[in-house]
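Understanding the architecture of this molecule
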Amino acid sequence: MNQQRIDGGARRAVFAPVDSRARVDAVVRRIGDAIELGLLGDGEQLPGESELAGQLGVSTVTLREALMALRQQGLVTTRRGRGGGSFVSLPEAPGEERLKVRLRGWSTEELRDLGDHWAALSGTAARLAADRTEPEDLVQLRRTAEELAQTQEAAGCSRLYGRFHVELAAAAQSARLTREQVALQTEVGALLCLVLGDGEYREEVSERLRFVISAVQDGAHESARELVERCVRESTARLIALRLSL
């Protein structure tokens, strides 16, 4: 196993073949989710149409329809001529009031269920990563945790927090877990802006993520699982508490 394998795991999941059902929607969701999470960087050029269609296992017609939808959503821009192509356009962070409206759309039971699913995914990923990952292959997870610790803006923190969980699944060497985590983080990620605005809590999250990385590095699979599940459950509890206050 090498560094490139771990660092590229999350990105490879982005470009893995999509489900055969509703393929245009599946491509839009897959690429849109990756952009929202920051797995694809602002201004990054996507592969050419033929290459990208081949990677996703769809026709070029399907891909073009998906790119058109992504352009309409403001997630992709297209440039013509020399040096042209399709480029990532990172969306602006949603306003706090818009996020509160979105949070009101969730019941406490739905939030609790979402948290259970998140804890199960991340807990399994942490346990597998502790069994499968070499210590030198955790550079990307450390980098994301450090970036989160240094970021003051809530939207940036929530994006990095979500990215950490995706990269943890990639470190577990499970493409399916990684894709599931990407999809889940696009549901919960933006909402976490509402709780990560608290500087003290951001520091707490950063410290917990460092503990998770240490447990994975030490091969302490049960500790890694318990630590990341505790972190997820605390985040979920804060969202539920906020929901009850609205």
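Rules and cut-offs
In this convention, every chain numbers its residues from 1, walking through the sequence in written order. This being a predicted model, a pLDDT of at least 70 is required before a residue's local features are given, and a value of 80 or more before pairs of side-chain atoms are given or counted; all residues contribute to the totals for chains, interfaces and linings. Remark: hydrogens and water are excluded; side-chain values derive from all non-hydrogen atoms of the structure. The numbering of helices and of strands both runs from the N terminus, where a helix is a DSSP run of H or I of at least 4 residues and a strand a run of E of at least 2. The reference for a compact globule is 2.2 Å times residues^0.38; the radius of gyration itself is calculated from the C-alpha atoms. Contact definition: two residues touch when any of their heavy atoms are within 4.5 Å. Each reported salt bridge corresponds to a side-chain nitrogen of Lys or Arg within 4 Å of a carboxyl oxygen of Asp or Glu. Burial here depends on accessible area, computed with a 1.4 Å probe over protein chains only, as a share of the maximum for the residue type. Under 20% is buried, over 50% is exposed, and the range in between is partly exposed. A helix is expected to span 1.5 Å for every residue after the first. Lines are fitted to the C-alpha atoms to define the axes, a helix being fitted only along its stretch in contact, and any angle between axes, read from their N-to-C directions, falls within 0 to 180 degrees. By definition in this entry, angles of less than 35 degrees are roughly parallel, angles greater than 145 are roughly antiparallel, angles of 65 to 115 are roughly perpendicular, and the rest are oblique. Definitions for this section: a left-handed crossing has its near helix turned counterclockwise from the far helix by less than a right angle. A right-handed crossing has that turn clockwise. Paired strands, in this sense, are two strands between which DSSP finds at least two bridges. For our purposes a nonpolar core is just a set of buried Ala, Val, Leu, Ile, Met, Phe, Trp, Tyr and Cys residues, chained together by side-chain atoms within 4.5 Å. Ten residue types, Ala, Val, Leu, Ile, Met, Phe, Trp, Tyr, Cys and Pro, are classed as nonpolar, four, Asp, Glu, Lys and Arg, as charged, and the remainder, Gly among them, as polar. A residue's pLDDT is the predictor's confidence in that residue, given on a scale from 0 to 100.

Turning to the overall build of the protein, a few remarks are in order. Each helix and strand counted, the protein has 11 helices and 2 strands in total. Beginning at the N terminus, the succession of helices and strands in the protein can be written as α-α-α-α-β-β-α-α-α-α-α-α-α. Its C-alpha atoms give the protein a radius of gyration of 18 Å, within 12% of the compact-globule value 18 Å for 246 residues. Based on the C-alpha atoms only, the size of the protein along its principal axes is roughly 50 × 45 × 35 Å. At a minimum sequence separation of 6, the contacts of the protein that also span at least 24 residues come to 75%.

What follows is about the pattern of salt bridges. Scanning the model with the defined rule gives 10 salt bridges in all. The salt bridge involving E96 is made with K100; its shortest N-O contact spans 3.2 Å. In this pair, E96 and K100 both sit in helix α5 (residues 96–104), 4 residues apart, roughly one turn of the helix. For E96, a relative accessible area of 49% gives the class partly exposed. Among the charged side chains, a network of salt bridges with common partners joins E222, R225, E226 and E229.

Glancing now at helix α11 (residues 221–245). End to end, α11 covers 37 Å across 25 residues, agreeing with the expected 36 Å (1.5 Å per residue, within 8%). Three or more residues of α11 are buried, namely A224, V228, E229, C231, V232, S235, T236, L239 and I240. Among the structural elements, α5, α6 (108–132), α8 (154–171), α9 (175–188) and α10 (199–218) are those in contact with the buried residues of α11.

Moving on to the packing of α10 against α11. Where α10 contacts α11, the two axes come as close as 8 Å, and the packing angle between them is 160°. One element, α10, and the other, α11, form an angle in the roughly antiparallel class. Every pair of crossing elements has a handedness; the one defined by α10 and α11 is left-handed. Counted together, Y201, E204, R208, L209, F211, V212, A215 and V216 of α10 and S223, A224, L227, V228, R230, C231, E234, S235 and R238 of α11 form the full contact between these two elements.

This part covers unusual backbone geometry. For Q173, which is not glycine, the phi torsion reads 60° and is therefore positive. Along the polypeptide, Q173 turns up in the loop between α8 and α9.

Looking now at the pairing of strand β1 (residues 76–79). Each regular strand carries side chains that alternate between the two faces of the sheet. Pairing of β1 with strand β2 (residues 85–88) involves 4 bridges; the strand directions are antiparallel. Counted as the bridge partner of T77 is F87 from β2. Between β1 and β2, which follow one another and run antiparallel, lie 5 residues, and G81 among them has a positive phi close to 80°.

Our next topic: the nonpolar core. Judged by nonpolar contacts, the single largest core of 50 residues is most densely connected at Y161, L168, L192, L196 and L209. Every element with two or more residues in this core is listed here: α5, α6, α7 (139–150), α8, α9, α10 and α11. Not counting residues up to four positions away in its chain, the partners in contact with L168 are S122, A125, A126, A129, L141, V216 and V228. Of all hydrophobic cores here, the second largest spans 28 residues; its members include A34, L40, L56 and V76.

Turning next to the packing of helix α2 (residues 23–37) against helix α4 (residues 60–72). Any two packed helices are characterised by the angle at which their axes cross and by the distance between the axes. Taken N-terminus to C-terminus, the directions of α2 and α4 make an angle of 50°; their axes are 9 Å apart at the nearest point. By the criterion of interaxial angle, the relationship of α2 to α4 is oblique. Considering only the axes of α2 and α4, their crossing is right-handed. On the side of α2, the interface is formed by R23, V24, V27, V28, I31 and G32, while α4 contributes T62, L63, E65, A66, A69 and L70. Per-class residue counts for the contact of α2 with α4 are 8 nonpolar, 2 polar and 2 charged.

The next point concerns the side chain of S158. Positionally, S158 belongs in helix α8. Given a relative accessible area of 5%, S158 falls into the buried group. Setting aside residues up to four positions removed in sequence, S158 forms contacts with G189, L192, C193 and L196.

We now examine the confidence of the model for the protein. When pLDDT is averaged along the protein, the result is 88; 94% of the residues meet or exceed 70. The low-confidence segment residues 1–6, where pLDDT is below 50, has 19 contacts with residues more than four positions distant or belonging to other chains.

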